[in-house]
Amino acid sequence: MRQAGRYLPEYRKLRGDRDILETCKDPSQVVEITMQPLRRMDLDAAIVFSDIMVPLAGVGVDVHIEPGRGPVVDTPVRAERDIERLRPLEPEQDVPETLEAIRLLREELSVPLIGFAGAPFTLASYLIEGGPSRTHERTKGLMHGDHMAWDALMRALVAIVVPHLRAQVEAGAQALQVFDSWVGALDRDDYRRRVQPHMSSLFSGLVDLGVPVIHFGVGTGELLGQMAITGGQVLGIDWRVPIDEAWDRVGHDRAVQGNLDPAVLGAPWEMVERKTLEILRRAGGRDGHIFNLGHGVLPDTPPDVLARLVDFVHAETERRPA
Ligand code: CP3
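Everything numeric in this text was worked out from a predicted model, so none of it was measured. As a convention, each chain's residues are numbered from 1 in the sequence order in which they are written. Local features in this predicted model are restricted to residues of pLDDT 70 or higher, and side-chain atom pairs are both shown and tallied only at a pLDDT of 80 or more, whereas totals for entire chains, interfaces and linings draw on every residue. Each side-chain value is derived from all of the structure's non-hydrogen atoms; neither hydrogens nor water enter the calculation.

S.K.: Can you explain the domain arrangement of the chain? Please cite residues and give values.
M.R.: The split of the chain into domains comes from an automatic or database domain assignment. Split into domains, the chain comes out as domain 1 (9-236) and domain 2 (261-322). Relative placement of domain 1 and domain 2: their C-alpha centres are 25 Å apart. Should any heavy atoms of two residues lie within 4.5 Å, those residues are counted as being in contact. Counting residues at the interface gives 11 residues for domain 1 and 10 residues for domain 2. Buried area: the accessible surface (1.4 Å probe) lost by two parts on joining, summed over both. Around 780 Å² of area is buried between domain 1 and domain 2 when both sides are counted, 67% of it from carbon and sulfur atoms. Looking only at domain 1, the three residues that lose the most surface to domain 2 are R40, M41 and D42, adding up to 50% of its buried area. By convention in these notes, a salt bridge is any Lys or Arg side-chain nitrogen within 4 Å of a carboxyl oxygen on Asp or Glu. Counting the contacts that link domain 1 with domain 2 gives 0 salt bridges. A 3.5 Å cut-off defines polar contacts: any pair of N or O atoms within that distance qualifies, except that in protein one atom must be a possible hydrogen donor and the other a possible acceptor, and neighbouring residues in sequence count only when both atoms are side-chain atoms. Taken together, the connections running from domain 1 to domain 2 amount to 1 residue pair in polar contact (both at pLDDT 80 or more).

Shown next as structure tokens:
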């Protein structure tokens, strides 16, 4: 999940009013922002500061990120020729700053570093809608209306995402997370027909790297079984499904990550504690549970509550017999 972000005053100060995509092109700032949450909290891993839109900007998509809104694409992908413009990513040339930041981070970090990318469906939604969408109407329009164009777009995105993830591992990332944040908008049949084949080719492009891959989405309760078949040693679970039920759905040969509702961090501490204990109880101290939020930290979250949560989870899990 997002570790850095607007809930940290030191982050807001450093970021100022610049477009986040500009900040992502400054390796020393990327290193600093990645380190910020680790100075406040006893976290077990770090995620490189970047955004899922960075590799798309790298191949020349005219994207910017509007604060409080999200990624906006000025010339949305609506026709065959728009898809043809999406060339494969050449990481050392297109996203050199992210790779440089990863190399620098490995020298500074004492915890594992996670690299990441957006998944094709989630990236396609921003590209086709031209911005954030609640309904993903145009995206589904293309997906249902023109299978050839849809598959061409998914393939073009796989040819951006796979080199991006591979290059992050080659630069030093020790695990990967694939964010298919909006794929929960699909039913199981559409997922299976229109997304899964492309996700399978994405995961097969990573197997020889030998690093664990976390496969994450929001609102994916009904897709979890299918997503697990598709790939990932770890499945990211949002808060809508109790983690033990989610684990049954993905299978106990996989690890699970989750799944506290980020909004609970705005509640009184007793509630944070109660909800956290419930997750730990359901995970049952089994190997392969990565405690995390079910989605990113919300901007109004008090940093002290997050730090206290990290310590609380450590204390509670140490107390448990292995
Ligand atoms: O340091 C870290 O924790 C890694 C940071 C990270 C960012 N984006 C930085 C960021 C990660 C892992 C992402 C992934 C990302 N970006 C996703 C997948 C994860 C998810 O949340 O579902 C998605 C869908 C995006 C697209 C995106 N970028 C959105 C929806 C937004 C929020 C817009 C807003 O203002 O509400 C962004 C901007 C963004 N990316 C922020 C951060 C910290 C916040 C805005 C800023 O600081 O300028």
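S.K.: How would you sum up the sheet that holds strand β5 (residues 175-180)? Please name residues and give values.
M.R.: In sheet architecture, strand pairing relies on hydrogen bonds along the backbone and comes in two forms, parallel and antiparallel. With parallel pairing, 7 strands are arranged side by side in an open sheet as β1-β4-β5-β6-β7-β8-β9. The sheet terminates laterally at β1 (46-47) and β9 (289-293), the two strands that pair on one side only. The pairing criterion is simple: DSSP has to find at least two bridges between the two strands. The secondary structure listing takes helices from DSSP runs of H or I that are at least 4 residues long and strands from runs of E that are at least 2 residues long, numbered from the N terminus. Looking at chain direction, strand β6 (residues 213-217) and strand β7 (residues 234-236) are connected through 3 bridges and run parallel. Among the inter-strand pairings, F216 is bridged to a residue of β7, identified as G236. Where helix α13 (residues 243-250) meets the sheet, it contacts β7, β8 (255-260) and β9, and its direction lies at approximately 150 degrees from that of β8. Lines fitted to the C-alpha atoms define the axes, with helices restricted to the stretch that makes contact. Angles between their N-to-C directions range from 0 to 180 degrees.

S.K.: How would you sum up the packing of helix α3 (residues 27-40) against helix α7 (residues 96-108)? Please name residues and give values.
M.R.: Relative orientation of the contacting elements α3 and α7 amounts to 50 degrees, with a least axis distance of 8 Å. In terms of orientation, α3 and α7 fall into the oblique class. The two elements α3 and α7 cross, and the hand of that crossing is right-handed. Every residue of α7 that contacts α3 at P27, V30, V31, T34 and M35 is listed here: E97, E100, A101, L104, L105 and E108. When the residues that make up the contact of α3 with α7 are grouped by side-chain class, the tally is 7 nonpolar, 1 polar and 3 charged. Here roughly perpendicular refers to angles of 65 to 115 degrees, roughly parallel to angles under 35, roughly antiparallel to angles over 145, and oblique to all remaining angles. The sense of a crossing depends on the near helix, which, turned anticlockwise from the far helix by less than a right angle, makes the crossing left-handed and, turned clockwise, makes it right-handed. Polar here means any residue other than Ala, Val, Leu, Ile, Met, Phe, Trp, Tyr, Cys and Pro, which are nonpolar, and Asp, Glu, Lys and Arg, which are charged; Gly is therefore polar.

S.K.: So what about helix α8 (residues 120-129)? Which residues, and what values?
M.R.: Most of α8 is tucked away, with 10 of its 10 residues classed as buried. Each residue is placed in one exposure class: buried if its accessible area under a 1.4 Å probe, protein chains only, is under 20% of its type's maximum, exposed if it is over 50%, and partly exposed if it falls in between. Of the positions making up α8, those classed as buried are P120, F121, T122, L123, A124, S125, Y126, L127, I128 and E129. Two residues or fewer past α8, G130 is found with a positive phi of approximately 85 degrees.

S.K.: With reference to specific residues and values, describe the packing of α8 against helix α10 (residues 147-171).
M.R.: α10 packs onto α8 with a crossing angle of 115 degrees between their chain directions and a minimal axis gap of 10 Å. Relative to α10, the element α8 is oriented roughly perpendicular. In this structure, the crossing between α8 and α10 has a hand that is right-handed. Contacts from P120, F121, L123, A124, L127 and I128 of α8 reach α10 at W150, L153, M154, L157, V158 and V161. In the contact of α8 with α10, the residues fall into 12 nonpolar, no polar and no charged.

S.K.: Outline the side chain of R254, listing residues and values.
M.R.: Among the secondary structure elements, R254 is positioned in the loop between α13 and β8. Sequence-distant contacts of R254, that is, excluding residues within four places in its chain, are made with A228, G231, G232, Q233, L235 and W247.

S.K.: Describe the pairing of strand β2 (residues 63-66), naming the residues involved and giving the relevant values.
M.R.: If a strand is regular, its side chains alternate between the two faces of the sheet. Residues V63 and I65 point to one face of β2 and are all buried, whereas H64 and E66, pointing to the other face, are not buried. When β2 meets strand β3 (residues 70-73), the two strands line up antiparallel, connected through 4 bridges. Within β3, the position partnered with E66 by the bridge is G70. Here β2 folds back onto β3, and the loop between the two strands holds 3 residues, one of which, G68, carries a positive phi near 80 degrees.

S.K.: Tell me about the site of the ligand, residues and numbers included.
M.R.: The nearness test applies per residue and asks whether one of its heavy atoms lies within 4 Å of the molecule or strand. The full set close to the ligand counts 28 residues, and Q3, Y11, R15, G68 and S181 are the nearest of them. For the ligand, an oxygen atom lies 2.6 Å from a polar atom in the side chain of H295. To measure how exposed things are, a 1.4 Å probe is used in the Shrake-Rupley method; for residues, cover is taken only from the protein chains shown. Notes on the ligand: free accessible area 880 Å², of which the protein chains cover 92%. Where the shell around the ligand is concerned, the elements lending two or more residues are α1 (9-15), β2 and β3. Partitioned by chemical class, the residues of the shell around the ligand number 15 nonpolar, 7 polar and 6 charged.

S.K.: Break down the side chain of D151 for me, with residues and values.
M.R.: As for its placement among the helices and strands, D151 is situated in helix α10. When near neighbours in sequence (up to four residues on either side) are disregarded, D151 contacts R194 and H198.

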